[in-house]
Amino acid sequence: MAEDIQVAIDGPASAGKSTVAKLVAKRFKYVYCDTGAMYRAITWLALDHQLAINDVDAISELAKHATIEFKPGEEEQRVFVNGTEVTKDIRGNAVSKNVSAVSAIPAVRTEMTRQQREIAKKGGIVMDGRDIGTTVLPNAEVKIFLVASAHERARRRYEENQEKGIHTGTLAELQAAIELRDKKDSTRKVSPLVQAADAIKLDSTNLTIDQVVDKISAIITKKINN
Ligand code: DC
């Protein structure tokens, strides 16, 4: 169907990509794919196998044979790796601290990109990540680059953690961690976080979630009707 397009949403950590991507997918009855969760799942697997995070060969091998599955859950999408549910564990500190290193391994990216293209090939997909518009789906009909100030992203993450009862330090510590991750993600050699030339930049610092969803939905609708 002509209206089953590919929507790529990229941007730095905690810019609200997954919240917005999920709502946009729901509105258009599209499939939502959280590619960050896939890199987190491989990181979890490496830690579970007690591999050193700099053991590039062993982690690459693990990624090549990993089966990652998404299943609908009541509150959130459930994530499984090699049959084990990791939905909660991939959001923990151990995974968050090591995921930048794992996602910088070329063979891990090659395998994740292959799996992501397979998931997206039929269209009707909203995929969020860092390199979707540039590398994974360079022909996506709609590409959004979602940004927000580091201070605002830290504030949102802090509130979210408070609500969930997760202790992750002070607001200043969170902001420092976010800035460090931005730097690692945008300076790595393979698929760094950069805006695709044909992506539309959206700054959500002073926008509500609904406003961002409305803006992206309008862009998609315009594309479908063109
Ligand atoms: O979006 P997130 O915070 O769950 O992503 C986790 C990590 O995975 C992040 O440090 C960057 C990396 N990532 C990536 O390199 N490429 C993607 N397409 C998605 C995430």
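The name an unreviewed UniProt entry assigns to the chain is Cytidylate kinase, from the organism Candidatus Limosilactobacillus merdigallinarum. UniProt, in the comment section headed Subcellular location (unreviewed entry), describes the chain in these words: "Cytoplasm". In its Sequence similarities (unreviewed entry) section, the UniProt record describing the chain reads: "Belongs to the cytidylate kinase family. Type 1 subfamily."

### Thoughts on the pattern of salt bridges
Evaluation of the coordinates by the stated rule reveals 17 salt bridges. The closest approach of N and O atoms between E85 and R78, which form a salt bridge, is 2.7 Å. Put simply, E152, R155, R156 and E159 are held in one network by salt bridges that share partners.

### Re the sheet that holds strand β6 (residues 125-129)
In spatial order, the strands read β2-β6-β1-β7-β8; together these five strands make up an open sheet with parallel pairing. Strands with a single pairing partner mark the edges of an open sheet, and in this sheet they are β2 (31-34) and β8 (200-203). Within the sheet, the average angular offset between the axes of one strand and its neighbour, ignoring direction, is 20 degrees. Packed on one face of the sheet, helix α5 (residues 106-120) meets β1 (6-10), β2 and β6 and runs near 155 degrees to β6.

### Focus on the packing of helix α2 (residues 35-48) against helix α3 (residues 56-64)
Two elements in contact, α2 and α3, have axes separated by 10 Å at closest approach and are oriented at 120 degrees. Relative to α3, the element α2 is oriented oblique. For the crossing formed where α2 meets α3, the hand is right-handed. For the pair α2 and α3, contact is made by I42, L45 and A46 and by I59, L62 and A63, respectively.

### Here's the deal with the packing of aromatic side chains
This model, assessed by the stated rule, comprises one aromatic pair. Measuring from centroid to centroid gives 5.8 Å for F28 and Y30, while their planes differ by 50 degrees, and the two rings are tilted. By relative accessible area, which is 10% here, Y30 ends up buried. Above the plane of the ring of F80 lies K71, whose end atom (NZ or CZ) is 4.3 Å from the centre.

### Some details on the sheet that holds strand β5 (residues 84-85)
Where strands meet in a sheet, backbone hydrogen bonds hold them as pairs that are either parallel or antiparallel. Taken together, the three strands give an open sheet; going across it, the order is β3-β4-β5, and neighbouring strands pair in antiparallel fashion. Edge strands, defined here as strands with exactly one partner in the open sheet, are β3 (68-71) and β5. Two elements, β3 and strand β4 (residues 78-81), share four bridges in a ladder whose sense is antiparallel. Within β4, the residue paired with K71 across the bridge is R78. Packing against the sheet, α2 makes contact with β3, β4 and β5, and its axis sits at approximately 125 degrees to β3.

### Overview of the UniProt feature "domain: Cytidylate kinase" (unreviewed entry) in the chain
Mapped onto the present numbering, the UniProt feature "domain: Cytidylate kinase" (unreviewed entry) falls at residues 7-221. For residues 7-221, the end-to-end C-alpha separation is 11 Å, with 52% helix and 15% strand making up the annotated structure.

### Thoughts on the site of the ligand
Residues in contact with the ligand amount to 16 residues; listed here are only the nearest, R40, R109, R130, D131 and R188. Separating an oxygen atom of the ligand from a side-chain N or O atom of D185 is a distance of 3.4 Å. When the ligand sits alone it has 450 Å² of accessible area, and the protein chains cover 94% of it. For the shell around the ligand, the secondary structure elements donating two or more residues are α2, α4 (93-103) and α8 (171-187).

What counts and what doesn't
- Residues numbered from 1 in each chain as written.
- Predicted model: local features only at pLDDT ≥ 70, side-chain atom pairs only at ≥ 80, totals over all residues.
- Heavy atoms only, no water.
- UniProt positions renumbered as here; feature names shortened; annotations may be inferred.
- Salt bridge = Lys/Arg side-chain N within 4 Å of Asp/Glu carboxyl O.
- Pairing = 2+ DSSP bridges.
- Helix = DSSP H or I, 4+ residues; strand = E, 2+ residues; numbered from the N terminus.
- Axes fitted to C-alpha atoms, helices over the stretch in contact; angles between N-to-C directions.
- Contact = heavy atoms within 4.5 Å.
- Parallel < 35°, antiparallel > 145°, perpendicular 65-115°, else oblique.
- Left-handed = near helix turned anticlockwise from the far one by under 90°.
- Phe/Tyr/Trp six-rings, centres within 6.5 Å; stacked < 30°, edge-to-face > 60°.
- Buried < 20%, exposed > 50% of the residue type's maximum accessible area, 1.4 Å probe, protein only.
- Lys NZ or Arg CZ within 6 Å of the ring centre and 35° of its normal.
- Near = heavy atom within 4 Å.
- Polar contact = N/O pair within 3.5 Å; in protein donor to acceptor, adjacent residues only side chain to side chain.
- Areas by Shrake-Rupley, 256 points an atom, 1.4 Å probe, with all protein chains shown as cover.

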